[in-house]
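Summary of structural features
These are the residues of each chain, in order.
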Amino acid sequence: NGSTLSAGILANKLGLNWNTKDKQYQANYYGSLTQSSTVKLGNHHITKEPVYIPFKNLLPMVDPNDIVISGWDISSVNIADAMVRAKVIDYDLQIKLHSHLKELKPLPSIYNRNFIAANQNER
């Protein structure tokens, strides 16, 4: 139900850092094509050196920190509890995000057995 996406955007928006058993991490959008990659625009007219610009400056885009998140799911569990259940986000980051995500609940969805995995029936 989008707990990983919601957690990632919120961690960046809040500028969070968290610890694992190996090291400390800082939230960032590295790995996001639109936020961290560059595009060759051409060559400088005098120096002939390549000129690169951030991809996000090439086209009008919404800043990910301004996105309002919503969605639907067959589960009515709030996003914080879904994040804990998914076991994808590092534990220390889960603790820091839990209070922010517990108020977010997915909208109800239509349940059709033909489109839902059998292991999802109890949700």
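Above this text is the structure in question.
These numbers were taken from a predicted model, which means no experiment stands behind them.

A tally of regular secondary structure across the protein gives five helices and six strands. For the protein, the succession of helices and strands along the chain, N to C, is α-β-β-α-β-β-α-β-α-α-β. Whereas a compact globule of 123 residues would reach a radius of gyration of roughly 14 Å, the protein reaches 19 Å, over 25% beyond that. Taken over 123 residues, the protein has a buried fraction of 23%. Contacts in the protein between residues far apart in sequence, at least 24 positions, make up 53% of those at least 6 positions apart. About 9000 Å² of surface is accessible on the protein, with carbon and sulfur atoms providing 55% of the total. Once the 13 positive and 10 negative side-chain charges of the protein are each reduced to a mean point, those two points are 3 Å apart.

On to the nonpolar core, then. Core analysis: the biggest nonpolar cluster contains 13 residues, and Ala 7, Ala 11, Met 83, Leu 93, Leu 97 and Leu 101 have the highest contact counts within it. When contributions to this core are tallied by element, the ones reaching two or more residues are helix H1 (3-14), helix H4 (79-86) and helix H5 (91-101). Discounting residues that sit within four places of it in the chain, Ala 7 has contacts with Met 83, Ile 89, Leu 97 and Leu 101.

All right, on to the packing of H4 against H5 then. Contact geometry for H4 and H5: axes closest at 8 Å, N-to-C directions at 150°. Judged by the angle between their axes, H4 and H5 are roughly antiparallel. Across the interface between the two elements, Ile 79, Ala 80, Asp 81, Met 83 and Val 84 of H4 pack against Gln 94, Leu 97, His 98 and Leu 101 of H5. Residues that form the contact of H4 with H5 fall into these classes: six nonpolar, two polar and one charged.

Definitions and limits used
- Residues numbered from 1 in each chain as written.
- Predicted model: local features only at pLDDT ≥ 70, side-chain atom pairs only at ≥ 80, totals over all residues.
- Heavy atoms only, no water.
- Helix = DSSP H or I, 4+ residues; strand = E, 2+ residues; numbered from the N terminus.
- Rg over C-alpha atoms; globule rule 2.2 N^0.38 Å.
- Buried < 20%, exposed > 50% of the residue type's maximum accessible area, 1.4 Å probe, protein only.
- Contact = heavy atoms within 4.5 Å.
- Areas by Shrake-Rupley, 256 points an atom, 1.4 Å probe, with all protein chains shown as cover.
- Lys, Arg positive; Asp, Glu negative; His and termini not counted.
- Charge placed at Lys NZ, Arg CZ, Asp CG, Glu CD.
- Core = buried A, V, L, I, M, F, W, Y, C linked by side-chain atoms within 4.5 Å.
- Axes fitted to C-alpha atoms, helices over the stretch in contact; angles between N-to-C directions.
- Parallel < 35°, antiparallel > 145°, perpendicular 65-115°, else oblique.
- Nonpolar A, V, L, I, M, F, W, Y, C, P; charged D, E, K, R; others polar.

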